[in-house]
Amino acid sequence: MKRSYLVCLLAMLLPYYALGYDFIADNVCYNITSEENLTCEVTYNENKDDYVWMKFYKGVVNIPEKVAHNGKEYTVTAIGMGAFKRSNELLEVIMPNTITTINYEAFDGCHRLKSLRIPKN
């Protein structure tokens, strides 16, 4: 019985620990999506203080095509799930042509967002 309880507890906590980011570059948080293909996605700042989290992305966010981390160059291919969610001070996001996916709730609650520059592809 203890083992099944532990398995259930781990299953509930796994999504919590899967959240967050792998690195920050130029005030943008990223998750590495493939080490083999050297790709990453924009994600959110997981600060537990919701007020600070909402203030992380503000003004204009210009996402580059490539970003360097630990001596490697990653291509930014996606806007992750909830990446900019509730970013109350976000006004504009400029995305490169390398972005091929915008995930669920990426801009949910961004009430002041005035402009999204979405890639042609």
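Residues numbered from 1 in each chain as written. Predicted model: local features only at pLDDT ≥ 70, side-chain atom pairs only at ≥ 80, totals over all residues. Heavy atoms only, no water.

What follows concerns the confidence of the model for the protein chain. Low pLDDT means the predicted atomic positions in that stretch should not be read closely. A residue-level look at the protein chain finds 77% of positions with pLDDT of 70 or above and a mean pLDDT of 84. Taken element by element, the predicted model of the protein chain shows its lowest mean pLDDT in helix α1 (residues 2-18) (47) and its highest in strand β5 (residues 66-69) (98). (pLDDT = per-residue confidence, 0-100. Helix = DSSP H or I, 4+ residues; strand = E, 2+ residues; numbered from the N terminus.)

This part takes up the environment of V76. Note on placement: V76 falls in strand β6 (residues 72-79). Judged by its relative accessible area of 0%, V76 is buried. Placed 11 residues apart in sequence, V76 and E65 show a C-alpha to C-alpha distance of 5.5 Å. The residues contacting V76, other than those within four sequence positions of it, are Y30, C40, V42, I63, P64, E65, V67, T98 and I99. (Buried < 20%, exposed > 50% of the residue type's maximum accessible area, 1.4 Å probe, protein only. Contact = heavy atoms within 4.5 Å.)

Applying the stated rule across the entire model yields five aromatic pairs. Look at F23 and Y30: their rings are 5.3 Å apart centre to centre, the planes differ by 25 degrees, and that puts the pair in the stacked class. On the basis of relative accessibility, which here comes to 4%, the residue F23 falls in the buried class. Looking at Y30, the relative accessible area reads 0%, which means it is buried. (Phe/Tyr/Trp six-rings, centres within 6.5 Å; stacked < 30°, edge-to-face > 60°.)

This brings us to unusual backbone geometry. One non-glycine residue, D26, lies in positive phi territory at about 50 degrees. Of note, N70 is a non-glycine position whose phi angle comes to about 50 degrees, a positive value.

Summarising the sheet, strand β3 (residues 39-43) and β6 pair through four bridges and their orientation is parallel. Across the sheet, C40 pairs through a bridge with V76, a residue of β6. Across four bridges, β5 lies against β6 in antiparallel orientation. Residue pairing across strands places H69 opposite K72, the latter belonging to β6. For β6 and strand β8 (residues 101-102), the ladder comprises two bridges, and the chain directions are parallel. The residue of β8 that forms the bridge with I79 is I102. (Pairing = 2+ DSSP bridges.)

What follows deals with the pairing of strand β7 (residues 89-94). Across five bridges, strand β4 (residues 58-62) lies against β7 in parallel orientation. Among the inter-strand pairings, K58 is bridged to a residue of β7, identified as E89. Where β7 lies against strand β9 (residues 115-117), three bridges are found, and the strand directions are parallel. In the strand pairing of β9, I94 is matched with R117.

Here we take up the pattern of salt bridges. Oppositely charged side chains are able to pair whenever their charged atoms sit close together. Applying the stated criterion across every chain, the model contains three salt bridges. Across the pair K72 and E35 runs a salt bridge, and its minimum N-O distance is 3.0 Å. Of this pair, K72 sits in strand β6 while E35 is found in the loop between β2 (28-34) and β3, placing the two residues 37 residues apart along the sequence. Taking the relative accessible area as the measure of exposure, K72 reaches 38% and is therefore partly exposed. (Salt bridge = Lys/Arg side-chain N within 4 Å of Asp/Glu carboxyl O.)

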